[in-house]
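# Descriptive analysis of the structure
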Amino acid sequence: MEYGLAIKNNHLYFGGADTVELAKQYGTPLYVFDEQLIRNACRDYKNSIDRYYDGNGMVLYASKAFSCKEMYRLANEEGIGVDTVSGGEIYTALAAGFPAENIFFHGNNKTNDELELAIEKNIGHIVIDDFDEIDRINSIAEKLGKTVKVMLRIKPGIDAHTHEFIKTGQNDCKFGFTLETGEALEAAKKAIKAKNLNVTGFHCHIGSQIFSTEPFCLAASVMASFIARIANETGHVVSELNLGGGFGIRYTDEDEPLPYAEFMQKVSAQLKYSCKELSLPVPKVFIEPGRSIVGPAGITLYTVGSIKTIPNIRTYVSVDGGMSDNPRYALYGAKYDMLIANKAEQANDFVATVAGKCCESGDLIGENIKIATPETGDILAVLATGAYNYSMASNYNRIPRPAAIMVKNGESRVIIKRETFEDLISKDL
Ligand code: LLP
């Protein structure tokens with residue numbers, strides 16, 4: 001088995017810990033993270049960016065995938081930066097002692113309060129998404145007597161083949177400036193002229209859960225041409241290029257991710273080639289992996305409750321969580337591998353529709369899932385839930401959000417406490 005999983009005595013182990021025991025000790029639903037897997041992913045990215053960009057690159061963990069204080073501490077210990085998309089993520093990172101200079105701030109509709117927080121705290125880079133933001137950042141920076149390092153988010157016009165809702169590089173998209181129409185050029189000229197902005201480079205992000213290197217290589221060459229065009233038209237040669245995130249992971253056997261070093265090798269070769277052709281210095285390259293750092297490093301444990309067979313149709317196996325802790329099936333039809341953690345050696349010969357406990361028919365975690373014959377009280381493990389599960393969780397139906405624990409070499413610790421009913425009413429007046 002992969003991703004830190006093992007089977008011993010009919011039980012599923014993760015990060016060296018018996019998941020059935022973890023469920024007993026901490027209760028369910030429970031998010032479980034394997035610290036070593038997170039660290040390994042950070043190191044793999046860091047080593048390959050150092051290698052293929054000759055030390056002139058930086059990995060930024062896209063913290064929207066899983067944001068909590070412990071995650072920022074880990075990223076910092078691993079010597080990588082972070083991408084944030086809200087005042088809340090910035091606040092959490094700073095509260096965890098994350099160095100402000102290694103934070104990037106993204107977003108298509110940043111508020112003035114968020115921008116003030118970012119500028120006041122000397123956040124490393126702000127990625128500009130809109131014309132109005134150029135003026136707003138410049139005037140806040142002027143008011144605070146600072147010069148802000150900025151990048152501009154560009155839509156390179158690339159259609160990466162992924163789910164409709166998570167592709168972002170094409171023109172019809174709410175993020176960034178369009179290259180094709182001249183909008184990006186106009187925005188760059190405006191930002192370069194702004195007195196309190198230092199335009200260090202450009203950013204693009206073409207989508208998420210992408211398996212092929214081609215769209216990334218294409219993005220690198222399109223962005224290099226854009227850098228050259230800006231240099232020719234304005235004399236301003238930027239020194240940084242942020243190529244975003246989006247590297248795919250294996251959720252089920254249908255997914256076949258490439259080793260991330262291969263992405264890095266191919267994209268760097270393309271970028272170096274393009275820069276040579278354009279007589280440009282190779283910029284410092286940033287990448288922003290989110291899903292691929294935490295996705296495989298997390299699983300969710302549930303307790304099986306009601307089991308309802310509708311003859312000749314299906315069997316609903318309901319668990320004590322659902323779309324409130326993992327909305328991805330409801331939102332994207334996302335597929336997951338699952339197994340019964342206390343029957344890990346038994347044949348997966350039962351076909352189930354795994355449902356949550358929310359008052360909503362679409363509250364499913366998966367359909368046609370092959371698991372061992374389920375019984376009430378079993379522990380169901382859903383794999384590769386480390387990204388975009390906790391971070392997209394809600395209190396729908398006033399269901400408290402689960403706890404998250406970190407496991408390392410069989411030892412476990414709580415990193416996010418389970419919400420209580422008291423927490424749920426804490427803001428009610
Ligand atoms: N950088 C930028 C500017 C992004 O917008 C994103 C993701 C990333 C980096 C990280 O992409 P990753 O490496 O994680 O694929 N909620 C969806 C995913 C939305 C991704 C949004 N942006 C999901 O659950 O699949």
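Conventions adopted
- Residues numbered from 1 in each chain as written.
- Predicted model: local features only at pLDDT ≥ 70, side-chain atom pairs only at ≥ 80, totals over all residues.
- Heavy atoms only, no water.
- Near = heavy atom within 4 Å.
- Polar contact = N/O pair within 3.5 Å; in protein donor to acceptor, adjacent residues only side chain to side chain.
- Nonpolar A, V, L, I, M, F, W, Y, C, P; charged D, E, K, R; others polar.
- Domains from an automatic or database assignment.
- Helix = DSSP H or I, 4+ residues; strand = E, 2+ residues; numbered from the N terminus.
- Buried < 20%, exposed > 50% of the residue type's maximum accessible area, 1.4 Å probe, protein only.
- Contact = heavy atoms within 4.5 Å.
- Buried area = accessible area lost by both parts, 1.4 Å probe.
- Salt bridge = Lys/Arg side-chain N within 4 Å of Asp/Glu carboxyl O.
- Expected span 1.5 Å × (residues − 1).
- Lys, Arg positive; Asp, Glu negative; His and termini not counted.
- Pairing = 2+ DSSP bridges.
- Core = buried A, V, L, I, M, F, W, Y, C linked by side-chain atoms within 4.5 Å.
- Axes fitted to C-alpha atoms, helices over the stretch in contact; angles between N-to-C directions.
- Parallel < 35°, antiparallel > 145°, perpendicular 65-115°, else oblique.
- Left-handed = near helix turned anticlockwise from the far one by under 90°.

## Regarding the site of the ligand
- The ligand sits among 18 residues. The nearest are Ser208, Glu288, Arg291, Arg328 and Tyr388.
- At 3.2 Å from a nitrogen atom of the ligand is found a side-chain nitrogen or oxygen belonging to aspartate 83.
- Tyrosine 332 is positioned such that a nitrogen or oxygen atom in its side chain is 2.8 Å from a nitrogen atom of the ligand.
- Tallied by class, residues from the shell around the ligand come to six nonpolar, six polar and six charged.
- Residues lining the shell around the ligand come from more than one domain, with at least three contributed by each of domain 1 (5–34 + 297–425) and domain 2 (53–294).

## Digging into unusual backbone geometry
- For the bond from threonine 28 to proline 29, the omega torsion is -10°, close enough to zero to count as cis.
- Relative to the helices and strands, proline 29 is located in the loop between helix H1 (19–26) and strand E4 (30–34).
- Phi at glutamine 209 is positive, roughly 55°, even though this residue is not glycine.
- Take glutamine 209: it is sitting in the loop between strand E11 (197–203) and helix H8 (214–234).
- A relative accessible area of 12% places glutamine 209 in the buried class.
- Positive phi is not limited to glycine here, since asparagine 397 has a value of about 65°.
- Mapped onto the elements, asparagine 397 comes out in the loop between strand E19 (379–383) and strand E20 (403–408).
- Classification of asparagine 397 by relative accessible area gives partly exposed; the value is 34%.

## Some details on the domain arrangement of the protein
- Here the domain parsing of the protein yields domain 1 (5–34 + 297–425) and domain 2 (53–294).
- When each unit is reduced to the centre of its C-alpha atoms, the spacing between domain 1 and domain 2 is 33 Å.
- At the interface, 19 residues of domain 1 touch 18 residues of domain 2.
- When the two sides are added together, the surface that domain 1 and domain 2 hide from each other amounts to roughly 1,700 Å², 61% of it contributed by carbon and sulfur.
- When the buried surface of domain 1 facing domain 2 is broken down by residue, Tyr332, Lys335 and Tyr388 rank first, second and third, together holding 32% of it.
- The tally of links from domain 1 across to domain 2 stands at two salt bridges.
- Applying the counting criterion to the domain 1 and domain 2 interface returns seven residue pairs in polar contact (both at pLDDT 80 or more).
- Taken together, the elements giving at least two residues each to the side of domain 1 that touches domain 2 come down to helix H11 (328–332) and strand E21 (411–416).
- For the side of domain 1 that touches domain 2, the class distribution of residues is twelve nonpolar, three polar and four charged.

## Overview of helix H6 (residues 131–143)
- The first and last C-alpha atoms of H6 sit 19 Å apart over 13 residues, in line with the 18 Å expected at 1.5 Å per residue.
- Of the positions making up H6, those classed as buried are Glu133, Ile134, Arg136, Ile137, Asn138, Ile140 and Ala141.
- The inward-facing, buried residues of H6 abut helix H5 (112–120), strand E8 (125–128), strand E9 (148–155), helix H7 (183–193) and E11.
- The first or second residue beyond H6 is glycine 145, which carries a positive phi of 65°.

## Re the side chain of aspartate 325
- With respect to the secondary-structure elements, aspartate 325 resides in the loop between strand E15 (314–319) and H11.
- It turns out aspartate 325 is buried and unbridged, and the closest side chain with the opposite charge, arginine 418, is 8.4 Å from it.
- At a separation of 2.8 Å, a polar atom in the side chain of aspartate 325 contacts the main-chain amide nitrogen of glycine 322.
- The residues contacting aspartate 325, other than those within four sequence positions of it, are Pro29, Tyr31, Thr300, Tyr302, Asn389, Tyr390, Ala393 and Pro402.

## A few points about the pairing of strand E17 (residues 350–355)
- With three bridges connecting them, E15 and E17 associate as parallel partners. Its bridge partner lying in E17, valine 317 is registered against valine 354.

## Quick look at the nonpolar core
- Core analysis: the biggest nonpolar cluster contains 108 residues, and Ile38, Leu152, Phe202 and Ile293 have the highest contact counts within it.
- Per-element tally for this core: the top contributor is H8, with ten residues.
- Apart from residues lying up to four places away in sequence, isoleucine 38 is in contact with Phe33, Met71, Leu74, Ile293, Val294, Ala297 and Met406.

## A look at the environment of serine 225
- You can see serine 225 is positioned in helix H8.
- As for serine 225 and cysteine 275, which are separated by 50 residues in sequence, their C-alpha atoms are 8.2 Å apart.

## As for the packing of helix H2 (residues 35–52) against helix H3 (residues 69–77)
- At a minimum axis separation of 10 Å, H2 and H3 run at an interaxial angle of 45°. Here H3 runs oblique to H2, going by the angle between their axes. In this structure, the crossing between H2 and H3 has a hand that is right-handed. Touching Glu35, Ile38 and Arg39 of H2 are Met71, Leu74 and Glu77, all from H3.

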